[in-house]
Amino acid sequence: MAASTLQRSRAFKEAERLFLLSSHEQIISTMETQVSNGPTGNSLPNGPVVSTNGPTDDSKTNLIVNYLPQNMTQEEFKSLFGSIGEIESCKLVRDKITGTVPAATTGISAGQSLGYGFVNYVDPNDADKAINTLNGLKLQTKTIKVSYARPSSASIRDANLYVSGLPKTMSQKEMEQLFSQYGRIITSRILVDQVTAGISRGVGFIRFDKRNEAEEAIKGLNGQKPLGAAEPITVKFANNPSQKTGQALLTQLYQTAARRYTGPLHHQTQRFSSPSLLPRFSPITIDSMTSLAGVNLTGPSGAGWCIFVYNLSPEADESVLWQLFGPFGAVTNVKVIRDFTTNKCKGFGFVTMTNYDEAAMAIASLNGYRLGDRVLQVSFKTSKQHKA
DNA sequence: TTAAATT
């Protein structure tokens, strides 16, 4: 008994050490976020938006954003969606429990991202534009989803089902057809094997519009054999991520940290197989780029590593920079430089990335990348860009 | 062998 307790304690400490080593930058950015959110205690940090002239209809301006990268911060979230238009309010939803753990104990000073958030625009046209330009955007290992938020109500909560024992041959569409008789399906997913890329694991999720629809589906389908399947399926309510225990959350956090610590190179290799990007590899190596004589890099002062992007078209906008650089890692800011009078892009822009390795990989991959009929020049921003 | 969808 005492021995196993001691072992667990040591494992916990080791996980903690790994986390502290691997996510230093993220901790800093989290702290910065807290500072920029203003002093705590004398404002209304998370309160509802109060309208002074009657009830407001947010249905055309308020968006829900799903499948965000785990390490995306509130600031990055706001920066990405703020590049579309003026934001009335936005919130990256984070776990409450980890936010209560003392930072001195864990090095984690705010709740972990739950992977989704809300953006409420001032102008409905910007909300529409955000859906059109950012839905499907690849950020690191995720493909984000941007859609209108349904009005918040108790009836749409806990409407998510976990399904197991599905025939391996059943497609997502077939699963939806099976469940759609019980209500409106918001999302569905069949989990697939990661190594064989695409073979069903026989388990999946179905999210209904309403909780009572989910309940009816359980009654009707749990223990039933679909079509001519050999085995019955199991249908139950899915675990709710936001209802995990503090211990479970911390364990997951440490596991995430351990993966980051041991396996970043593998992930980066995968990013280049992204079919939508197909970057050409530049003959310039990362090491030779950083050791060029007479070049003074401006990073990593405070915000991160600033990257200079040259030969953008006059029509280029911020979203193209997010699309190009987002898959390589944490991007905190993008800016297209425009002519003051014409508002057209002057041919260049800047991207700020948090982590050196990710910035270097983005540069190595995107320098020389052909965008339309132009070949981009991408480098770390230097103190003297217009040399000879 | 349960992935991060309602502030």
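A brief structural summary. (Residues numbered from 1 in each chain as written. Chains lettered and ligands numbered in written order. Predicted model: local features only at pLDDT ≥ 70, side-chain atom pairs only at ≥ 80, totals over all residues. Heavy atoms only, no water.)

Before going further, it helps to examine the pairing of strand 1 (residues 62-66). Strand 1 sits mainly inside the fold: five of its five residues count as buried. Judged by which residues are buried, strand 1 turns out to be covered on both faces: Asn 62, Ile 64 and Asn 66 on one side and Leu 63 and Val 65 on the other are all buried. Pairing between strand 1 and strand 3 (residues 113-121): four bridges, direction antiparallel. When the sheet's bridge partners are listed, Val 65 is paired in strand 3 with Gly 117. The pairing of strand 1 with strand 6 (residues 145-148) spans four bridges and is classified as antiparallel. Of the residues in strand 6, the one forming a bridge with Val 65 is Val 146. (Buried < 20%, exposed > 50% of the residue type's maximum accessible area, 1.4 Å probe, protein only. Helix = DSSP H or I, 4+ residues; strand = E, 2+ residues; numbered from the N terminus. Pairing = 2+ DSSP bridges.)

Quick look at the nonpolar core now. Counting 47 residues, the largest nonpolar core has Phe 81 and Phe 325 as the members making the most contacts within it. Residue contributions to this core reach at least three from each of two domains, namely domain 1 (2-36 + 59-152) and domain 3 (275-380). When residues no more than four places from it in sequence are discounted, the contact partners of Phe 325 are Ile 307, Val 309, Val 331, Val 351, Met 353, Ala 362, Leu 366 and Val 378. (Core = buried A, V, L, I, M, F, W, Y, C linked by side-chain atoms within 4.5 Å. Domains from an automatic or database assignment. Contact = heavy atoms within 4.5 Å.)

What follows concerns a negative patch on the surface. The grouping of Asp 57, Asp 58, Glu 86 and Glu 88 at the surface amounts to a negative patch. Along the polypeptide, Asp 58 turns up in the loop between helix 2 (24-36) and strand 1. With relative accessibility at 31%, the residue Asp 58 sits in the partly exposed group. (Patch = residues over 30% accessible without salt bridge, like charges linked within 9 Å, V, L, I, M, F, W, Y side chains within 5 Å. Areas by Shrake-Rupley, 256 points an atom, 1.4 Å probe, with all protein chains shown as cover. Salt bridge = Lys/Arg side-chain N within 4 Å of Asp/Glu carboxyl O. Lys, Arg positive; Asp, Glu negative; His and termini not counted. Charge placed at Lys NZ, Arg CZ, Asp CG, Glu CD.)

Moving on: the side chain of Asn 160. For Asn 160, the position within the fold is in strand 7 (residues 160-164). According to the relative accessible area criterion, Asn 160 is buried, its value standing at 17%.

Bringing the sheet that holds strand 10 (residues 234-237) into the picture now. Taken in spatial order, the four strands make up an open sheet running 8-9-7-10, and their pairing is antiparallel. Each of the sheet's edge strands pairs with one partner strand only, and the pair in question is strand 8 (185-192) and strand 10. On average, adjacent strands in this sheet sit at an angle of 20 degrees to one another, irrespective of strand direction. As paired elements, strand 8 and strand 9 (residues 200-208) share six bridges and run antiparallel to each other. Within strand 9, the position partnered with Thr 187 by the bridge is Arg 207. Contacting strand 7, strand 8, strand 9 and strand 10, helix 7 (residues 172-179) runs over the sheet at an angle of about 135 degrees to strand 8. Sitting on the sheet, helix 8 (residues 211-221) is in contact with strand 7, strand 9 and strand 10, with an inclination near 155 degrees to strand 10. (Axes fitted to C-alpha atoms, helices over the stretch in contact; angles between N-to-C directions.)

Evaluated as defined, the whole model comprises ten aromatic pairs. Both rings, one in Tyr 162 and one in Phe 205, keep their centres 5.5 Å apart while their planes meet at 55 degrees; by these two values the pair is tilted. Highlighted residues: Tyr 162 in strand 7 and Phe 205 in strand 9, separated in sequence by 43 residues. Look at Phe 205 and you get partly exposed, because its relative accessible area is 26%. Judged by centre distance (6.2 Å) and plane angle (20 degrees), the ring pair of Phe 308 and Tyr 310 falls under stacked. For Phe 308, a relative accessible area of 10% corresponds to the buried category. Taken together, the ring pairs connect Phe 308, Tyr 310, Phe 348 and Phe 350 into an aromatic cluster. One cation-aromatic arrangement involves Arg 211 over Phe 237; the distance from NZ or CZ to the ring centre is 4.5 Å. (Phe/Tyr/Trp six-rings, centres within 6.5 Å; stacked < 30°, edge-to-face > 60°. Lys NZ or Arg CZ within 6 Å of the ring centre and 35° of its normal.)

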